[in-house]
Amino acid sequence: MGPVLWSASGGLAALAVVAGLGERRRRRRRDPDSVGWVDWPTVQVLALIALAVTVGLAFKT
């Protein structure tokens, strides 16, 4: 079960990085009033919380 949790942790870390890049791109766009369909900060926070949980579980096993 340990390798599965570490793999999930890697995927969640990658998702958090992608969400951070998406938020950076959203902040730097030309039309700031344009509405996007993905709330990148929420995605990033949820990915980081899930990352913390999976890393904790991986260390526990």
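In this text the structure is predicted, and so the values were computed from the model without any measurement. (Residues numbered from 1 in each chain as written. Predicted model: local features only at pLDDT ≥ 70, side-chain atom pairs only at ≥ 80, totals over all residues. Heavy atoms only, no water.)

(A) Representation of the overall build of the protein chain. Along its length, the protein chain carries two helices and zero strands. For the protein chain, whose C-alpha radius of gyration is 15 Å, the value lies well above the compact-globule estimate of 10 Å for 61 residues. Dimensions of the protein chain, computed from the C-alpha atoms along their principal axes, are close to 50 × 15 × 15 Å. Every one of the 61 residues in the protein chain was classed for burial, and the buried ones make up 20%. Long-range contacts, defined as pairs at least 24 residues apart, comprise 80% of the intrachain contacts of the protein chain with a sequence gap of at least 6. Carbon and sulfur atoms make up 66% of the accessible area of the protein chain, which totals about 4700 Å². (Helix = DSSP H or I, 4+ residues; strand = E, 2+ residues; numbered from the N terminus. Rg over C-alpha atoms; globule rule 2.2 N^0.38 Å. Buried < 20%, exposed > 50% of the residue type's maximum accessible area, 1.4 Å probe, protein only. Contact = heavy atoms within 4.5 Å. Areas by Shrake-Rupley, 256 points an atom, 1.4 Å probe, with all protein chains shown as cover.)

(B) Just the UniProt feature "transmembrane region" (unreviewed entry) in the protein chain, in detail. In the numbering used here, UniProt assigns the "transmembrane region" (unreviewed entry) feature to residues 43-59. The annotated region residues 43-59 carries 100% helix and 0% strand content, and the separation between its end C-alpha atoms amounts to 24 Å. (UniProt positions renumbered as here; feature names shortened; annotations may be inferred.)

(C) Layout of the packing of helix α1 (residues 2-27) against helix α2 (residues 40-60). Following both chains from N to C, one finds α1 and α2 inclined at 160°, their axes separated by 8 Å at the closest point. In terms of axis orientation, α1 runs roughly antiparallel to α2. Regarding α1 and α2, the two cross each other, and that crossing is left-handed. Looking at the contact of α1 with α2 residue by residue, the classes come out as 18 nonpolar, five polar and one charged. (Axes fitted to C-alpha atoms, helices over the stretch in contact; angles between N-to-C directions. Parallel < 35°, antiparallel > 145°, perpendicular 65-115°, else oblique. Left-handed = near helix turned anticlockwise from the far one by under 90°. Nonpolar A, V, L, I, M, F, W, Y, C, P; charged D, E, K, R; others polar.)

(D) Molecular detail of a nonpolar patch on the surface. A grouping of Val45, Leu46, Ile49, Val53 and Leu57 is seen on the molecular surface, where their side chains present a nonpolar patch of about 450 Å² in accessible area. Structurally, valine 53 is set in helix α2. On the accessibility criterion, valine 53 (47% relative accessible area) is partly exposed. (Patch = residues over 30% accessible without salt bridge, like charges linked within 9 Å, V, L, I, M, F, W, Y side chains within 5 Å. Salt bridge = Lys/Arg side-chain N within 4 Å of Asp/Glu carboxyl O.)

(E) The pattern of salt bridges, seen in detail. Inspection of the entire model under this criterion finds two salt bridges. A salt bridge links glutamate 23 to arginine 26; the shortest N-O distance between them is 2.6 Å. Residue glutamate 23 and its partner arginine 26 are located together in helix α1, separated by three residues, close to a single helical turn. The partly exposed category is assigned to arginine 26, whose relative accessible area is 34%. The salt bridge partner of arginine 27 is glutamate 23, with a shortest N-O separation of 3.8 Å. Here the residue arginine 27 and the residue glutamate 23 both occupy positions in helix α1, the gap between them amounting to four residues, near one helical turn. Among the charged side chains, a salt-bridge network with shared partners connects Glu23, Arg26 and Arg27.

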